[in-house]
Amino acid sequence: SSDEKNQQVINDAIRQLQQGRSNALVEATLTAGTPTTTVTAPNCGTGSAVLLCPTTANAAAALGTTYVSTISNGSFVLTHSNSAQTDRIFRVVTLG
């Protein structure tokens, strides 16, 4: 919280960031039967970098035709091939 007053909580958060931990991770499953998927990502902003990591074989196969087409505050849109597959699952990090 931006109103946090407890110094130990603040120190722990900084230590976790130094160790590479953050809450910028979301999971996204590409929507079957449509060429776009809107993903809610609370920490995403218009200047964010969106990084995709496929977690299934079908997601890995779709990676070459999947890209971030729009970035907004709180969400982004993935454009991808129109497929009936329902297991194209990615872990997504938004930075910035």
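These numbers come from a predicted model, not from an experiment.

Pairing geometry for strand 1 (residues 25–29) and strand 6 (residues 89–95), over five bridges, is antiparallel. For Thr29, the partnering residue across the bridge sits in strand 6 and is Ile89.

Here we take up the sheet that holds strand 4 (residues 67–72). Spatial ordering of the open sheet is given by 2-5-4, a layout of three strands whose pairing is antiparallel. On the outer flanks of this sheet lie strand 2 (36–40) and strand 4, each paired with one strand and no other. Strand-to-strand twist across the sheet, computed as the mean angle between neighbouring axes with direction ignored, equals 20°. Where strand 4 and strand 5 (residues 75–79) come together, five bridges link them in antiparallel fashion. Among the inter-strand pairings, Val68 is bridged to a residue of strand 5, identified as Leu78.

Moving on to the environment of Val26. With respect to the helices and strands, the residue Val26 is situated in strand 1. Residue Val26 is classed as buried on the basis of its relative accessible area of 17%. Sequence-wise, Val26 and Phe90 are 64 residues apart; in three dimensions their C-alpha atoms are separated by 8.5 Å. Beyond its immediate sequence surroundings of up to four residues, Val26 is in contact with Val39, Thr40, Ala41, Phe90, Arg91 and Val92.

The topology assignment puts Arg88 in the loop between strand 5 and strand 6. Despite its burial, Arg88 pairs with no opposite charge; the closest candidate is Asp87, at 6.3 Å N-O. A polar side-chain atom of Arg88 sits 3.2 Å from the main-chain carbonyl oxygen of Ser81. Once residues within four sequence positions are removed from consideration, Arg88 is found in contact with Ala28, Thr29, Leu30, Thr31, Ala32, Thr56, Asn58, Ala59, Ala62, His80, Ser81 and Ser83.

Adjacent strands of a sheet pair through backbone hydrogen bonds, lying either parallel or antiparallel. Within the open sheet, the three strands sit side by side as 1-6-3. Their pairing is antiparallel. In the strand order of this sheet, the two ends are held by strand 1 and strand 3 (49–54), each with one partner. Each neighbouring strand pair of the sheet contributes to a mean axis angle of 30°, computed without reference to strand direction.

Conventions and cut-offs
Every chain begins its residue count from 1, and numbering advances along the sequence as written. Given that the model is predicted, a residue must reach a pLDDT of at least 70 before its local features are reported, and side-chain atom pairs must reach 80 or more before they are shown or counted; all residues, however, enter totals for whole chains, interfaces and linings. The basis for every side-chain value is the complete set of non-hydrogen atoms in the structure, without hydrogens or water. Only when DSSP finds a minimum of two bridges between them are two strands counted as paired. Only DSSP runs of H or I covering at least 4 residues are called helices, and only runs of E covering at least 2 are called strands; the numbering of each starts at the N terminus. Note on method: axes are straight lines fitted to C-alpha atoms, helices fitted across the in-contact stretch only, with angles between N-to-C directions ranging 0 to 180 degrees. In this scheme, a residue with accessible area under 20% of its type's maximum is buried, one over 50% is exposed, and one in between is partly exposed, where area comes from a 1.4 Å probe on protein chains only. Only heavy atoms matter for contacts: two residues are in contact if any of them lie within 4.5 Å across the pair. Charged residues are defined narrowly, with Lys and Arg counted positive, Asp and Glu counted negative, and His plus the chain ends left uncounted. Definition used for salt bridges: Asp or Glu carboxyl oxygen within 4 Å of a side-chain nitrogen of Lys or Arg. Here a polar contact means two N or O atoms within 3.5 Å. Within protein one must be a hydrogen donor candidate and the other an acceptor candidate, and residues neighboring in sequence count only if both atoms are side-chain atoms.

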